[in-house]
Amino acid sequence: MVAHTVTSFDEELAAIDRIIRDMGHFSAAMVQAATVALLEGEQDMARRVIADDAVMDARQRELDERAITLIGKRQPMADDLRTVVGAIRIASDLERIGDLAKNLGKRVAAVDKSPASQTFAHSIESMAELVQHQLERVVDIYIERDAEALVPLRADDEKIDVQYTAVFRELLTYMMEDPRNITACTHLLFCAKNLERIGDHVTNIAENAYYVMTGSQLPANRPKVDETGTQPSLA
Amino acid sequence: MMFNAPETQKMNANVAPVSIPDPASVALPKTFQTVRTPDPEPRQVRVHAKDVSVFYGPKQALFDVSIDIPEKAVTAFIGPSGCGKSTFLRCLNRMNDTIEGARVSGTIQLDGEDLYDPKLDVVELRARIGMVFQKPNPFPKTIFENVAYGPRIHGLATSKTDLEQIVVESLQKASLFNEVKDRLHEVGTGLSGGQQQRLCIARAIAVSPEVILMDEPCSALDPIATAKIEELIDELRANYTIVIVTHSMQQAARVSQRTAFFHLGILVEEGPTEMMFTSPAEKRTQDYITGRFG
Ligand SMILES: Nc1ncnc2c1ncn2[C@@H]1O[C@H](COP(=O)(O)OP(=O)(O)O)[C@@H](O)[C@H]1O
Ligand SMILES: [Mg+2]
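Per an unreviewed UniProt entry, chain A goes by Phosphate-specific transport system accessory protein PhoU and derives from Tianweitania populi. Among the UniProt annotations of chain A, the heading Subcellular location (unreviewed entry) holds the following wording: "Cytoplasm".

Shown next, in the form of structure tokens:
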């Protein structure tokens, strides 16, 4: 990319990109910590995740301020304009992801440390890993401005939905087996729902990122994945 | 840097051009194809230009510019200083005829009529295609006379009251009447810069033009006066075909419906303004409008 004639313009855009990257990695770490806390019943770790949400809020405010100042000062055009508006939207999705990670953290106290609860919790482990991986991936792709990589990434988001369905069924089975499982499983169901919603925000980010990079919308038809398979049909 | 250039060019108008080879222009393919994006809803074409080239002596300033300019819309010409915007604008009402050593080739039509037909009356043409310049240039006469001059020489008024009516209406259309109605017989040069520019627009409107050309009409004005002219351009758009040269990207984005980007004498890209400023098709357009060169 050719540099701007005004070099501080480039620096301001780079600073906004850095906040996106930081927020992305930070929120992925929150998701990971919340998951570990849930699986291991680690209350301290859960409390840290809850507290970390304030960091995400502050970073988002900082990004908004920088973006608004940049628009006022530079009146960006074309890809610059898309970058700034896209960053505001991506940061807002990341901030929501922070909220959802916080919600995961809050559930930890409710899902007790009993061996049964721990077994149930493992049903969401791979789903949480996938969500966290997708989140890191979308932010890295955005920072590298690799538009093409977003197409398979969004296709992979389907996998999260498939896993959510599987987790839902599994937890339902535990509840039917023994009504005493209902409390723990219901909390875990909310956790799974939170993870699935994080996946939706990752998809939003991918769509915004694609628009920032190309000026057009990410191709509309989401490839269909069959319920049992794990491979999306699109390469 | 880019703001002063048109002035110096005007001053150089009669000086023989010195040919300093421009390294950037050497690299340009002369067969460059303009990238064009049509409007989603096609508009009626008013001015049709095909393969227009302009030479100042031995120096070629424009290379095969082709563009259709729609009616009831504002078309903005943008591009770095010296890229040929004013040169092309002047072609549209044959102002280049007055520049010694200037030669124009290609075709320009207004409603299918050849503007360069030797039988065409150039004075009448300039009434149909009016021009507003960068620096407001009212005649050193009264406000009334400034506007009445054109209709009078073109015989557009049959009586004194008729003429008065044209003057008042033109001043109203130029959003100036309320500010000057009590001093129509004071000199026009006594008005503020922005008022003088609106007076020049009133003068252009008074002869009922079909097309209004504006060459950086706001570059000598403060932001408030600029906003008033932009508001006026937006109102005039309903009845006229307007072409505006501007060095302000924001102004082009605000006032125009189509934008044409010129670079080194070539029309690089033209398309709907919204698209040109959010996602232009050409990398050179993108680099220019985002402030990466020029
Ligand atoms: N009267 C003239 N005589 C010789 N060269 C001219 C004259 N007017 C413009 N030029 C040259 O033609 C090129 C285009 O100029 P112009 O149309 O004024 O550019 P713009 O309006 O885009 O700044 C420039 O290289 C300029 O120096
Ligand atoms: Mg000019």
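Asker: Could you clarify how one ought to interpret the overall build of chain B in this entry?
Answerer: Helix and strand content of chain B: twelve helices and eleven strands. A separation threshold of at least 6 residues defines the contact pool for chain B, and within that pool the share at least 24 residues apart is 70%. Of the roughly 13,600 Å² of accessible surface on chain B, a fraction of 54% belongs to carbon and sulfur atoms.

Asker: How should I be thinking about helix α2 (residues 43-74) of chain A in this particular structure?
Answerer: For an α-helix the count is 3.6 residues per turn, leaving residues at separations of three or four pointing the same way. All names here are of chain A. Between its first and last C-alpha, α2 extends 47 Å over 32 residues, near the 46 Å set by a 1.5 Å rise per residue. Buried within α2 we find A46, V49, D53, M56, Q60, L63, A67 and L70. In this structure, the buried side of α2 is in contact with α1 (7-40) and α3 (78-108). Residue Q75 follows α2 closely and has a positive phi angle near 45°.

Asker: Explain the confidence of the model for chain A here, please?
Answerer: For any part of a model where pLDDT is low, the fine detail of the predicted coordinates should not be relied upon. All names here are of chain A. Averaged over every residue, the pLDDT of chain A is 91; the share at 70 or more is 93%. Per-element averaging of pLDDT across chain A places helix α4 (residues 115-121) at the bottom with 80 and α3 at the top with 97. Overall, residues 224-235 carries pLDDT values under 50, and its contacts beyond four positions in sequence, including any with other chains, amount to 17 contacts.

Asker: Sorry if this is basic, but what is going on with the sheet that holds strand β6 (residues 113-114) of chain B here?
Answerer: Remark on secondary structure: sheet strands pair via backbone hydrogen bonds, oriented parallel or antiparallel. Residues and elements named next belong to chain B. Pairing within the open sheet is antiparallel, and its four strands lie in the order β3-β2-β5-β6. Of all strands in the sheet, those bounded by a partner on one side alone are β3 (59-70) and β6. Where strand β2 (residues 45-56) and β3 come together, eight bridges link them in antiparallel fashion. Bridge pairing links V47 to I69 in β3.

Asker: Please clarify how the environment of G101 of chain B should be interpreted in this entry.
Answerer: Residues and elements named next belong to chain B. Along the chain, G101 turns up in the loop between α3 (85-91) and β5 (102-110). A relative accessible area of 47% places G101 in the partly exposed class. The residues contacting G101, other than those within four sequence positions of it, are F55, Y56 and G57.

Asker: Any chance you could explain the packing of α1 of chain A against α2 of chain A here in plain terms?
Answerer: Each packed pair of helices is defined by two parameters, the angle between the axes and the distance between the axes. Residue and element names in this part refer to chain A. Contact geometry for α1 and α2: axes closest at 10 Å, N-to-C directions at 165°. It follows that α1 is roughly antiparallel to α2 by the angle criterion. Here α1 and α2 pass one another in a crossing that is left-handed.

Asker: When you look at the packing of aromatic side chains in this model, what are you seeing that I'm missing?
Answerer: Aromatic ring pairs: the centre-centre distance and the angle between the two ring planes describe each pair. Tallied over the full model, the rule gives eight aromatic pairs over all chains. An aromatic cluster is present here, built from F77, F88 and F262 of chain B joined pairwise through their rings. Above the plane of the ring of Y142 of chain A lies R145 of chain A, whose end atom (NZ or CZ) is 4.3 Å from the centre.

Asker: Where do I start with the sheet that holds strand β7 (residues 129-132) of chain B in this structure?
Answerer: Residues and elements named next belong to chain B. Overall, mixed pairing links the seven strands, which are arranged β1-β11-β10-β4-β9-β8-β7 in an open sheet. Only two strands of the sheet have a single neighbouring strand rather than two, namely β1 (35-36) and β7. Bridge analysis of strand β10 (residues 258-263) against strand β11 (residues 266-272) gives six bridges, and the strand direction is antiparallel. Opposite R258, over in β11, you have P272 as the bridge partner.

Asker: Quick question: what am I supposed to make of the pattern of salt bridges here?
Answerer: Pairs can form between side chains of opposite charge whenever their charged atoms are close. All names here are of chain A. A complete count under the given rule lists 35 salt bridges over all chains for this structure. Linking E62 and R66 is a salt bridge whose minimum nitrogen-to-oxygen distance equals 3.1 Å. With E62 and R66 both in helix α2, this residue pair falls four residues apart, about one helical turn. Exposure remark for E62: the relative accessible area of 26% places this residue in the partly exposed category. Exposure remark for R66: the relative accessible area of 39% places this residue in the partly exposed category. Among the salt bridges present, the one from D99 reaches R96, with a minimum N-O distance of 2.9 Å.

Asker: Looking at this model, I keep getting lost on the UniProt feature "domain: PhoU" (unreviewed entry) in chain A. Mind explaining?
Answerer: All names here are of chain A. Following the UniProt record, one finds the feature "domain: PhoU" (unreviewed entry) at residues 20-108 and 124-208. For residues 20-108, the end-to-end C-alpha separation is 28 Å, with 94% helix and 0% strand making up the annotated structure. Annotated as 88% helix and 0% strand, the span residues 124-208 places its first and last C-alpha atoms 28 Å apart.

Quick notes on the rules
- Residues numbered from 1 in each chain as written.
- Chains lettered and ligands numbered in written order.
- Predicted model: local features only at pLDDT ≥ 70, side-chain atom pairs only at ≥ 80, totals over all residues.
- Heavy atoms only, no water.
- UniProt positions renumbered as here; feature names shortened; annotations may be inferred.
- Helix = DSSP H or I, 4+ residues; strand = E, 2+ residues; numbered from the N terminus.
- Contact = heavy atoms within 4.5 Å.
- Areas by Shrake-Rupley, 256 points an atom, 1.4 Å probe, with all protein chains shown as cover.
- Expected span 1.5 Å × (residues − 1).
- Buried < 20%, exposed > 50% of the residue type's maximum accessible area, 1.4 Å probe, protein only.
- pLDDT = per-residue confidence, 0-100.
- Pairing = 2+ DSSP bridges.
- Axes fitted to C-alpha atoms, helices over the stretch in contact; angles between N-to-C directions.
- Parallel < 35°, antiparallel > 145°, perpendicular 65-115°, else oblique.
- Left-handed = near helix turned anticlockwise from the far one by under 90°.
- Phe/Tyr/Trp six-rings, centres within 6.5 Å; stacked < 30°, edge-to-face > 60°.
- Lys NZ or Arg CZ within 6 Å of the ring centre and 35° of its normal.
- Salt bridge = Lys/Arg side-chain N within 4 Å of Asp/Glu carboxyl O.

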